[in-house]
Every structure is written in structure tokens, then in C-alpha cells.
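Fold and geometry: a report
Given next are the chains, with one letter for each unit.
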Amino acid sequence: MINVSKYLVMLWVGLLPIWAHAASYDVEGEGKEELIKRVVTIAQAKERLRSSFRQMDRCPSGSCQNGTSTHICEVIGALDSNIDGAIIDGALASHAASKWADRKDIRMMQLIYRQCKPTNYQYWAYERVLHVAYQPEKLADAKIRRYLGVGPPPEQ
């Protein structure tokens, strides 16, 4: 006779680190207010994005991929909140280019933002059913990675 409870405990213990990572998807371990306070400039956003892309490329599981790709979009949102909506509201881009950054940086941040799409993948790990995650088109991802200097993703 097989001891089912023993195997269920082993399964639970084996999945616990994956679930824990999904539940704490905030890559930097900070809340939204802290993220907004720490991503004030394009340079700060680029450094966070580089770190997130590198982390995503090393991810061993779907929960890591999901959390990291969500964090990429959150970095863009935090930056946008600090530069008067110049990324999400494209009409402000020319104003922001002179006030906050050059036009190329704003255009690239807008390109990253356009790769952020709603998803309900692993919805249980988030406050809401839908969240936004970096789900890029192949050509856009290659361009973004060149801009950030992080190289192509590993082969799947």
C-alpha cells in the first residue's frame, strides 16, 4: 500500500519555494511607494530594468518569470509617475524629452511599456485577478535588450 500522505507532503515541500516566490513577486522586495521613490530618473529605471532582464533570463520557473516580467512593467509605471506621465501618455513625450530625458530614452521606455500586457497567469499571487507583465514581440524584445545592453534571452 502506498502512503499517499507522505507523497503529498513531499510534493507540498517541493512546491513551497515556487509558490513562495510567486506570492512575493516583487523582485526588489519593496512596495509600490518605495519603488516610486527609488525610480525617479531614466538612469535608475534602466539599471532596474537591466537587473530584471538578467533575473528573468535566469528564472527556473513560471512564477519567477511571471514575477520578474511584472516587475519590468512596474518599473516603467514607477518612472512614468515621476516624469509627469510622459511614457504612458505619449502626447507628453516631447515635453518630457526636454525636461526629463532625451527623446530616444523616452521612446524606448514607451516601447517597453507597449510590451506590457494584461494577464491573469498565477492570479492567486497578486492582489487583483489581472496584472500586467512584459510579454514582448520578438523584434521589440531584441531592440529593448540592445538598448539596455543585456543581450539576447537564453534559448528555450
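Scroll up for the structure.
Model, not experiment: these values are computed from the prediction.

Moving on, we come to the pattern of salt bridges. Per the stated rule, a full pass over the model turns up five salt bridges. The residue D57 makes a salt bridge to R145 at a minimum N-O spacing of 2.8 Å. Residue D57 is located in helix α3 (residues 42–58), and its partner R145 is located in helix α7 (residues 138–148); the two are separated by 88 residues in the primary sequence. The partly exposed category is assigned to D57, whose relative accessible area is 22%. By sharing partners, the salt bridges in this structure join D57, D141 and R145 into a single network.

Further remarks concern the state of the cysteines. All told, the structure shown has two disulfides when counted by the stated rule. Here C59 pairs with C64 through a disulfide, and the sulfurs are 2.1 Å apart. Its torsion about the S-S bond being -60°, the disulfide of C59 and C64 is classed as left-handed. Each of the two residues, C59 as well as C64, counts as buried. Shown here is the disulfide that connects C73 with C116, its sulfur atoms set 2.0 Å apart. With the S-S bond torsion at -100°, the cross-link from C73 to C116 turns out left-handed. Here C116 lies in strand β1 (residues 116–119) and C73 lies in helix α4 (residues 62–82), a separation of 43 residues in the sequence. Exposure remark for C73: the relative accessible area of 10% places this residue in the buried category.

Time to look at α3. When the terminal C-alpha atoms of α3 are compared, their 24 Å separation across 17 residues agrees well with the 24 Å that a helix rising 1.5 Å per residue should span. The complete set of buried residues in α3 reads I42, A45, K46, R48, L49, R50, S52, F53 and M56. Where α3 is buried, its residues contact α2 (32–38), α4, α6 (103–114), β2 (131–134) and α7.

We describe a pair of aromatic rings using the distance from one ring centre to the other and the angle between the two ring planes. Here the structure, examined in full by the defined rule, presents two aromatic pairs. Ring geometry for F53 versus Y134: centroids 5.1 Å apart, planes at 75°, classification edge-to-face. Of this pair, F53 sits in helix α3 while Y134 sits in strand β2, and the two are 81 residues apart along the sequence. On the accessibility criterion, F53 (0% relative accessible area) is buried. On the basis of relative accessible area, Y134 is assigned to the buried category, the value being 4%. Between Y123 and W124, the aromatic rings sit 5.6 Å apart at their centres with planes inclined by 75°, giving edge-to-face as the arrangement. Of the residues examined, W124 reaches a relative accessible area of 52% and is grouped as exposed.

As a further point, take a positive patch on the surface. A grouping of R103, K104, R107, R114, K143 and R146 is seen on the molecular surface, where their side chains present a positively charged patch. Contributing elements (two or more residues each) for the positive patch: α6 and α7. Ranked by residue count, the leading element in the positive patch is α6, at four residues. Note on placement: K143 falls in helix α7.

By size, the foremost hydrophobic cluster in this structure holds 29 residues, and its most contacted members are L49, F53, L79, M109, I112, Y134 and I144. Listing elements by their share of this core, those giving two or more residues are α3, α4, α6 and α7. No other element matches the six residues that α4 contributes to this core. Discounting chain neighbours no more than four positions away, the residues touching M109 are I42, A45, K46, L49, I76, L79, I87 and Y147.

Quick notes on the rules
- Residues numbered from 1 in each chain as written.
- Predicted model: local features only at pLDDT ≥ 70, side-chain atom pairs only at ≥ 80, totals over all residues.
- Heavy atoms only, no water.
- Salt bridge = Lys/Arg side-chain N within 4 Å of Asp/Glu carboxyl O.
- Helix = DSSP H or I, 4+ residues; strand = E, 2+ residues; numbered from the N terminus.
- Buried < 20%, exposed > 50% of the residue type's maximum accessible area, 1.4 Å probe, protein only.
- Disulfide = S-S within 2.5 Å.
- Expected span 1.5 Å × (residues − 1).
- Contact = heavy atoms within 4.5 Å.
- Phe/Tyr/Trp six-rings, centres within 6.5 Å; stacked < 30°, edge-to-face > 60°.
- Patch = residues over 30% accessible without salt bridge, like charges linked within 9 Å, V, L, I, M, F, W, Y side chains within 5 Å.
- Areas by Shrake-Rupley, 256 points an atom, 1.4 Å probe, with all protein chains shown as cover.
- Lys, Arg positive; Asp, Glu negative; His and termini not counted.
- Charge placed at Lys NZ, Arg CZ, Asp CG, Glu CD.
- Core = buried A, V, L, I, M, F, W, Y, C linked by side-chain atoms within 4.5 Å.

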